[in-house]
Amino acid sequence: MPPLRQASRQASAGTLSGAAKFKWFELPESIAREGFVCVVEHANPELVFSPVAQPNGAWGLRTVFAVAENMDEAFARYQRLPGTKKKSFLVGRSILMRDQQFVVVESKGFNALFPGATAPAPPALGGFTLAVNDIAVTRGVLEAAGVPFHFWGDKGIWVGPDYTAGAVLVFVEEKPEG
């Protein structure tokens, strides 16, 4: 892995403010060819993750969807990461890292997951899933803004790339721990 870097930035969350400190490293291109991917550990997450909810209810990143030319080759690259659990499903492969996952699909798999959306040309990061407190609130925010969405299972929705600067954005209802 590349060297571990340390950085800080001024941040505020609710009534707290100060220097948010974190350690991070970029995944090398030998693993992550689909885009800039890094791993971050926050030393003081209370300064980064605001207790004040976003209007759409989003509170955490859950999934990154990578579109690859060859799903199995890309999966082999990502599964080299330590501490991950691997899972395959019909149109993709998933690498689980604690409470987040990295899903690798080919263009046809991306199009199957998001009917009507066009997969970006591989290699690319094509979508992201955000956890929200209440999917009904998120739907209301999107409806009020005139943003069309599609249902994603019982507790989720997704918005196409025409409304999200080029990537599919999935919202899933999930309560934060603690």
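See the structure shown above.
Residues numbered from 1 in each chain as written. Predicted model: local features only at pLDDT ≥ 70, side-chain atom pairs only at ≥ 80, totals over all residues. Heavy atoms only, no water.

Caption draft 1: Representation of the pattern of salt bridges within the structure. All chains considered together, the criterion is met by seven salt bridges. A salt bridge links Glu-173 to Lys-155; its shortest N-O distance comes to 3.5 Å. Of this pair, Glu-173 sits in strand S11 (residues 168-173) while Lys-155 sits in the loop between strand S9 (150-151) and strand S10 (156-159), and the two are 18 residues apart along the sequence. The exposure class assigned to Glu-173 is partly exposed, which follows from its relative accessible area of 24%. Owing to a relative accessible area of 47%, Lys-155 belongs among the partly exposed residues under this scheme. Overlapping salt bridges, with partners in common, bring together Arg-33, Glu-34, Glu-73 and Arg-77 in one network. (Salt bridge = Lys/Arg side-chain N within 4 Å of Asp/Glu carboxyl O. Helix = DSSP H or I, 4+ residues; strand = E, 2+ residues; numbered from the N terminus. Buried < 20%, exposed > 50% of the residue type's maximum accessible area, 1.4 Å probe, protein only.)

Caption draft 2: Inspection of the sheet that holds strand S1 (residues 5-13) at higher detail. With antiparallel pairing, three strands are arranged side by side in an open sheet as S1-S2-S3. The open sheet has two free edges, formed respectively by S1 and strand S3 (38-42), since each of these has just one partner strand. Looking at each pair of strands side by side, their axes are set apart by 35° on average, direction ignored. Note: strand S2 (residues 16-26) against S3, five bridges, orientation antiparallel. (Pairing = 2+ DSSP bridges. Axes fitted to C-alpha atoms, helices over the stretch in contact; angles between N-to-C directions.)

Caption draft 3: Expanded view of the environment of Gln-79. Structurally, the position occupied by Gln-79 is in the loop between helix H1 (71-78) and strand S5 (85-89). Residue Gln-79 is classed as partly exposed on the basis of its relative accessible area of 32%. Sequence-wise, Gln-79 and Gln-10 are 69 residues apart; in three dimensions their C-alpha atoms are separated by 34 Å. The residues contacting Gln-79, other than those within four sequence positions of it, are Thr-84, Lys-86 and Ile-95. (Contact = heavy atoms within 4.5 Å.)

Caption draft 4: Layout of the nonpolar core. Counting 16 residues, the largest nonpolar core has Leu-27, Tyr-78, Phe-102 and Val-104 as its most contacted members. Those elements that place two or more of their residues in this core are strand S4 (58-67), H1 and strand S7 (100-105). Tallying contributions element by element places H1 first for this core, with four residues. With residues near it in sequence (within four places) discarded, Phe-102 still touches Val-37, Val-64, Ala-66, Tyr-78, Arg-93, Ser-94, Ile-95, Met-97 and Leu-125. In this structure, Val-67, Phe-114, Trp-158 and Val-172 belong to the second largest nonpolar core, which totals 13 residues. (Core = buried A, V, L, I, M, F, W, Y, C linked by side-chain atoms within 4.5 Å.)

Caption draft 5: Examining helix H3 (residues 135-144) more closely. Among all positions of H3, only Ile-135, Thr-138 and Leu-142 are buried. Considered in projection along H3, the buried side chains sweep an arc of 60° and stay on one side of the axis. Relative to its buried face, H3 has exposed residues pointing more than 90 degrees away, namely Glu-143 and Ala-144. The inward-facing, buried residues of H3 abut strand S8 (124-132), S10 and S11. Capping of H3 at its N-terminal end is provided by Asp-134; its side-chain oxygen lies 2.9 Å from the backbone amide nitrogen of Ala-136. Immediately beyond the C-terminal end of H3, within one or two residues, lies Gly-146, with a positive phi of roughly 75°. (Arc of directions from axis to C-beta. Polar contact = N/O pair within 3.5 Å; in protein donor to acceptor, adjacent residues only side chain to side chain.)

Remember, this is a structural readout, not a statement about activity or role.
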